[in-house]
Every structure is written in structure tokens, then in C-alpha cells.
Amino acid sequence: MEKRVRFRSAWLPWLLVAPQMAVVLVFFFWPAAQALYQSVLQQDAFGLSTEFVGLANFERLFADPSYIASFKVTAVFSFLVAAVGLVIALLLAVMANRVLRGASVYKTLLIWPYAVAPVVAGVLWLFMFASPYGVVAYALRWMGMDWNHLLNPDHALALIVMAAVWKQISYNFLFFLAGLQSIPHSLIEAATIDGASPWRRFWTIVFPLLSPTTFFLLVINIVYAFLDTFAIVDATTHGGPGKETAILVYKVYYDGFKALDMGGSAAQSVILMGIVIALTVLQFRFVEKKVQY
Amino acid sequence: MKNRYLPLAGAIALAAAFTAPAHAQTEIQWWHSMGGALGEWVNDLAKDFNATQTQYKIVPTFKGSYDESMTAAIAAFRAGNAPHILQVFEVGTATMMASRQAIVPVGEVMKKAGVTFDPNAYVPAVAGYYTAPNGQMLSFPFNSSTTVFHYNKDAFKAAGLDPEKPPKTWPEVALAAGKLKASGHKCPFTTSWVSWTQLESFSAWHNTEFATLGNGMRGLNTRLSFNSPLHVRHIENLANMAKTGLFVYKGRGNAADATFVSGECAMITGSSALYGNVKRNAKFVGGIGTLPYYPDVAGAPQNTVIGGASLWVMSGKKEAEYKGVAMFFAHLSKAEEAAKSHQRTGYLPVTKAAYELTEKSGFYKQNPGTDVSVEQMIRKTTDKSRGIRLGNFVQIRTINDEELEQVWAGRKAPKQALDDAVKRGNELLARFEAANKGK
């Protein structure tokens, strides 16, 4: 018997994918094309005068040393958000997976932060670290550490990483937990009978079986850190001190929505889109080879 | 048969067209950025006006912070449904002025509606800011504030300072800060709106140019000039105070306001509109003094520049609607109304009559300090102190924040930071000039 589905007419499969295609066209390709078009224009705020400027918007960006510096900050930030976020979420998922009593309570509590808007997450963490009266800042001061994210770039970076990770951990946790629960118990039991330690069981059985989930989450987390964190930065550090936490997407948001420089902002989002596409391609070509499905 | 009924049908349609607006009120959309207690104030203004007549209905809508409501209005304008009235903050003024097709000058709105309108009735330093080089008033002065010096009288007493004598000059501020620190205050002095208070107002107050061409009031080819020896000296002074813990940086925008209201910081330079917040929420007695200055600078103190926002009328609406807008503005300009607003919010009075009325009522005597902002503003202005109107001003302010943060952190010399800020800002001014030249 044949497993493949066969359509009798040629247009039915097209019709069935049409809604999805329409969504992708309207919500991805159309805005992307608009960004491309706007990136070669110089427009005033109200769109009253539009002038074709070619690649001038891009030239201006790459002549700006602070824009180049922003790449470095973004790389460090995305790496930290993805790495810290995945490790903590995996740890929490493994723990929650072992819990027998009150498991749903733990799960609910761990999923909560995902419902929080990024800007609220940012403000929440800002309150805790607002020196000198924020709860955490106060504790740090008591331990002899003078927390000052307003003037210390490392502290500022740490603050936005914490807020961004906290916000994303629930998502990672959910997928890890689902991945863990789909691992057959018989495998682990067999290994236990063979005398494998919990540590060894984890690294030789659980983690490899989780690799598709981990890979998927890695891609999602990097895209998240690249594109979805501007509200956190805007609410906590405004890109400061100096420009030390001005990640690329924050600059796109700031230039477009606050400074009303449409052309420059569009040019930056085109560059950002290019980077994310390139990163995703790289990940699928090289990292995916290590993934066992 | 068809022809016979056509005139009748036309007459009915015509009658309907004329009677409909007579029954229904004409709605006038007003987008603003006044949250909290100020939001209540705006709603009351609309309610009071709506109660005075039946033809028009002002509908105020809170659209988020100043930059958010401006972005929202621009998006709405592009989509063809902008509000009638839009509240725009002072740094957006140059952008609005450059977008002549998007707006209708207030003077024109009033004239066309046949509402009496005398530009000279408005407080000159405020109205002048919203007036084009040809003398035409472009937007309606609504909520203007200026920079003043707030201090904590209780903390002054505890530090052995005279609570009725706020420091008048920068050397006196440093002295007072030293005493406050000695009495155990961790944050003797801080500031909100660093660029506005320490560079823009500072320049006007010392009768020194912040930017060329009358601070951008006279043309688009203006360039920044706030890296003069006087500016460098001031930033060096503040940097030294930061090093010794006398000045504590508390963040961008108005983030520092909260640290003053909470009592953490004892002195702050910030908006005069902070008065209402202190009066309602602070657990100490607040005092207001004039902005500090350097006594050895000739011409200081001059006057301070305004902040806050004004109301712009958007283009592309019906004649009848503009009439309603004009009537609303006339209502806001009435001496009693404007005086009431001034006393309620701490914003500057809109008209001279409102100021005189407030003075006559004894309000300033009962609420000492509330007249400081007015006193600072009603002085005669010079070419260097009329106000600062620059394109891409939002970004220029952010650049100033960024460069000065490097100074407070001790990672950049004051001279270097100001030079860099001027250079980066001038690039933005050149771009604004290029984009708006032919208009």
C-alpha cells in the first residue's frame, strides 16, 4: 500500500496550501519587500517628499563607527541570551520532569513569564536592580558590590541579558519538557539496569535524543535575541551607557519609531534580515548535521 | 416620470445633508500624551468646552508618550485619517514646521473661522518658539514648562543649610552638595533631562549660543556650538562633582525625578512641571529656586528655554471642523481657563492675562516657588535665548546623553565628549537640511 497521499486533481493541493501562502505573503514577503523599497528612499516623517537615494542609507550606516560597534554588542548579547537561556531551561525541564507531586503547579509557574510583555519584563528587572533601593541592588550592595547599570557597561549588558533570558525561558522550558516526556522510559530503565550513572544516562541517552529540540530552540532563541528584544532594551537601558547596549534591533526601532528616520531604519532592518537569513542557513548546514532525528 | 421626481429627490437629499450636521455634533479628535493627573486635566478641559456649546465635541485620546503619539499620528496621516489636533513635544517642532502640507497654521485656522486671535496676547517667550520666521504662529502653545532648580528643604535643614535660601550659582550648589554629603546624604545633586538642563537651558541662561543662527530659529543651515570653553568648563565642573559623589547620575529622560521625590537626592535641576508631583507625593517640603549660573559670565542669568508641548492642527479636514478647533483654542485662551490650567499643573501660563490673573489672585504668594518658572521666562529674550529649534532634535539629545554618560563614568574627557557630540549632531543637522531644503 502506498503511504503518500495522492490528489486526483492538480489544483487541490495548491488550494489547500493557499491560506498558508497568503499569510506568508501578506505578513512576511510584503513587509520585507516594503523594507527593501524604503531602504533606498529618503523620506521626511510624514511621507510628503520622497527621494530616491540609492544605497546612500547603507553607506551612511557603515560610515558610522557606532553602528559597526553595535554588531559586536549584538553578537555577545545573542550568544549570552541563547546559551544562558537554553542551559537554565534545560536544567529546569529536567528537574520538573522528575517531580511527581504538584508537577502542574511547577509547570504553570515556569510558563508564566512568557505571558509578560517584553517591555514589562524589562521594567520588572529594572526595578529589582535600580540602585540603591532595588531589592537585588540592595542585596548586592550589602555584599559589597556597587551595582550601577547606568554607568557600568558590563552591568547594563548583564541586566538586559537577564531580562531577555527570563522572558524566553518559559518557551524553551515547554519544548524541553515535551522533548523529555517523549523519550521512551524503557531506554533509561535499560541503562539503569546496566549500571549507568544518572550523569551518564543524561549525556548518552537523553541529551542526544533531545538534540532536534535543542537545535530548533537554538535557532528560535537567536532569532528572538536578534529581533524581539528592542522593548527590553528600550525599557531598561535605552542602549546606554553610551552606546554599550545599543543592539542592532534597538537601533532599528529607535531610528524608525522615535527618531522618524524611515530610510535609515529600513536599511538597518534589511541588513538585520540578511544576517538572520545567513545565520539560519549556517545553522541548518553545519549544526544540523550533529542533530539526530 | 423619472425627470419629474428628480428635483424632489435632490431637494430631499440636500435637506438631509444640511440638517444632519445640525442634529449630530461634529466630533473633533485630539490626540495627546498626558497620563495620570495630567490626563484628568486634559479630559476636564474637553468636558468644560463641550458643556459650553452643542455644536462640537472634543474627543481627547491618550496615545502614549510624546514620541509614541507623534509616530501614531504620522502613521494615521499617511493612511489618511489623522486627528484634528495633535499634541507635539518641543523637540518635534522643527519636524512639524518642515511638514507644511501636513499641518494648518493656528493663525490661519483662527482667521478662517472668524475667531478673534491676537498673537500678542500669548506669553512672548512661549509663543515665539512656535512662530515661523515670517511671524506666523504655527501651533497653539499649550503646556510649556521650563527648567528650574528643585531642592529638599528638610534635607537642607538637616545639613545646616538655610532652607529658605536655595543656592543661586554653581559654586554655591557645589558647596551645598558638600554639606549635604557630610550630613549623610548619598545623592546630594542630580539632574533630569541632561541635554535640556545642562546644555540647552544652560546656554540660554548664560546668553551663549547652543547652535548657530539663533539656535536654529533662523534657518535650516544651523550647526551646533555647545563645545565652547564655557560649556566645557561646566561639564568639567559636573564631572568633578560626579567624581567626588556630589553629583549622582540617575539616568536619561526624567528618570531622576523619582529619586528626588523619594528623598534620595536632595537637589535636582528639572522641569517646572515636577512641582505638582513633589507637592502630591513627596514626604518632605520641596522648594524651588532659579536655575544655577556662573556669576562671572557676562549677561548671566538671561532666561531659560521652554520644554513641554504645543497643539498642532492637521491638514485635510472639513471647514466646519476647523471652526470647532478654533473655538476650542479660543476657549483655552480665555484668561480664567488658562489661569486655572497654569495653577493646576505647574506648566507656564499660556497668555499674559492668565499670568496677571494668577498673580492678582495671590496664588504665587500662597504657593512660593510657583512663580520662579514664570519669572525666568518673562524676561526679555535675546537672539541666543529665544529657544532652540533643531531638526532631528530627538537624536541629538540622545547623542548628548550618550557622550555625557561617558564623562560621568570617567571614560571620556569633557572637551572630547562635547566635541564628539557636536560632530555627530552636526551630521544629523546636515541631513535634515538636505532633506528639507526645497520646501
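Residues numbered from 1 in each chain as written. Chains lettered and ligands numbered in written order. Predicted model: local features only at pLDDT ≥ 70, side-chain atom pairs only at ≥ 80, totals over all residues. Heavy atoms only, no water.

As annotated in an unreviewed UniProt entry, chain B is sn-glycerol-3-phosphate-binding periplasmic protein UgpB from Hydrogenophaga crocea. Quoted verbatim from the Subcellular location (unreviewed entry) field of UniProt, the annotation for chain B is "Periplasm". Under the UniProt heading Sequence similarities (unreviewed entry), the note attached to chain B is "Belongs to the bacterial solute-binding protein 1 family." (UniProt positions renumbered as here; feature names shortened; annotations may be inferred.)

Under the annotation held in an unreviewed UniProt entry, chain A carries the name sn-glycerol-3-phosphate transport system permease protein UgpA and is attributed to Hydrogenophaga crocea. According to the UniProt record, the Subunit (unreviewed entry) comment for chain A reads "The complex is composed of two ATP-binding proteins (UgpC), two transmembrane proteins (UgpA and UgpE) and a solute-binding protein (UgpB)." UniProt, in its Sequence similarities (unreviewed entry) section for chain A, records the words "Belongs to the binding-protein-dependent transport system permease family."

To continue, consider the overall build of chain B. When helices and strands are tallied, chain B shows 20 helices and nine strands. Relative to its length of 439 residues, chain B is compact, with a C-alpha radius of gyration of 24 Å against a globular reference of 22 Å. Principal axes of the C-alpha set define a box for chain B whose edges measure 100 × 50 × 35 Å. Per-residue burial over chain B gives 58% buried out of 439 residues. Across chain B, contacts joining residues at least 24 apart in sequence account for 77% of those joining residues at least 6 apart. The centroid of the 48 positive side-chain charges in chain B is displaced by 3 Å from the centroid of its 36 negative side-chain charges. (Helix = DSSP H or I, 4+ residues; strand = E, 2+ residues; numbered from the N terminus. Rg over C-alpha atoms; globule rule 2.2 N^0.38 Å. Buried < 20%, exposed > 50% of the residue type's maximum accessible area, 1.4 Å probe, protein only. Contact = heavy atoms within 4.5 Å. Lys, Arg positive; Asp, Glu negative; His and termini not counted. Charge placed at Lys NZ, Arg CZ, Asp CG, Glu CD.)

On to the interface of chain B and chain A, then. Facing 32 residues of chain B, the contacting portion of chain A comprises 31 residues. Of the roughly 2700 Å² buried where chain B meets chain A, counting both sides, 57% is carbon and sulfur surface. Notably, a salt bridge pairs A:D261 with B:R431, separated by 2.8 Å at the nearest N-O pair. If you list the elements that add at least two residues to the side of chain B that touches chain A, you get helix 3 (66-78), helix 4 (93-98), helix 19 (393-408) and helix 20 (414-436) of chain B. Sorting elements by how many residues they give to the side of chain B that touches chain A places helix 19 of chain B first, with seven residues. Partitioning the side of chain B that touches chain A into residue classes produces eleven nonpolar, nine polar and twelve charged. (Buried area = accessible area lost by both parts, 1.4 Å probe. Salt bridge = Lys/Arg side-chain N within 4 Å of Asp/Glu carboxyl O. Nonpolar A, V, L, I, M, F, W, Y, C, P; charged D, E, K, R; others polar.)

All names here are of chain B. Using the criterion set out here, one finds one disulfide over all chains in the structure. Between the sulfur atoms of C187 and its disulfide partner C265 the distance amounts to 2.0 Å. Disulfide C187-C265: the torsion about the S-S bond is 90°, which places it as right-handed. One end of the pair, C187, is in strand 6 (residues 187-191); the other, C265, is in strand 7 (residues 265-271), with 78 residues separating them in the sequence. Residue classification places C187 among the buried positions, given a relative accessible area of 2%. (Disulfide = S-S within 2.5 Å.)

What follows deals with a nonpolar patch on the surface. All names here are of chain A. A contiguous nonpolar surface patch, about 780 Å² in accessible area, is contributed by V23, L25, V26, F27, F28, F29 and W30. Inspection of the secondary structure assignment puts F29 in helix 1 (residues 11-38). You can call F29 partly exposed: its relative accessible area is 47%. (Patch = residues over 30% accessible without salt bridge, like charges linked within 9 Å, V, L, I, M, F, W, Y side chains within 5 Å. Areas by Shrake-Rupley, 256 points an atom, 1.4 Å probe, with all protein chains shown as cover.)

Attention shifts here to the nonpolar core. One broad trend across soluble globular proteins is that nonpolar side chains are buried collectively. In this structure, B:M267, B:F329 and B:W408 are the most contacted members of the largest nonpolar core, which totals 111 residues. Each of two domains, domain 1 (23-144 + 307-366) and domain 2 (147-305 + 391-436) of chain B, supplies a minimum of three residues to this core. Those residues within four positions of B:F329 in sequence are excluded, and the remaining contacts are B:I85, B:V106, B:M110, B:F140, B:L311 and B:V313. Judged by nonpolar contacts, the second largest core, of 42 residues, contains A:Y67, A:L159, A:V161 and A:A163. (Core = buried A, V, L, I, M, F, W, Y, C linked by side-chain atoms within 4.5 Å. Domains from an automatic or database assignment.)

Residue and element names in this part refer to chain A. UniProt records the feature "transmembrane region" (unreviewed entry) for residues 12-33, 75-97, 109-136, 156-180, 201-227 and 266-287 in the present numbering. For the annotated span residues 12-33, helix accounts for 100% and strand for 0% of the residues, and the straight-line distance between the end C-alpha atoms is 29 Å. The span residues 266-287 carries 100% helix and 0% strand; its end-to-end C-alpha distance comes to 30 Å.

Right, let's talk about the environment of B:I85 for a bit. Relative to the elements of secondary structure, B:I85 occurs in strand 3 (residues 85-89). Ignoring any residue separated from it by four or fewer positions in sequence, one finds B:I85 in contact with B:I28, B:Q29, B:W30, B:W31, B:L311, B:W312, B:V325, B:F328 and B:F329.

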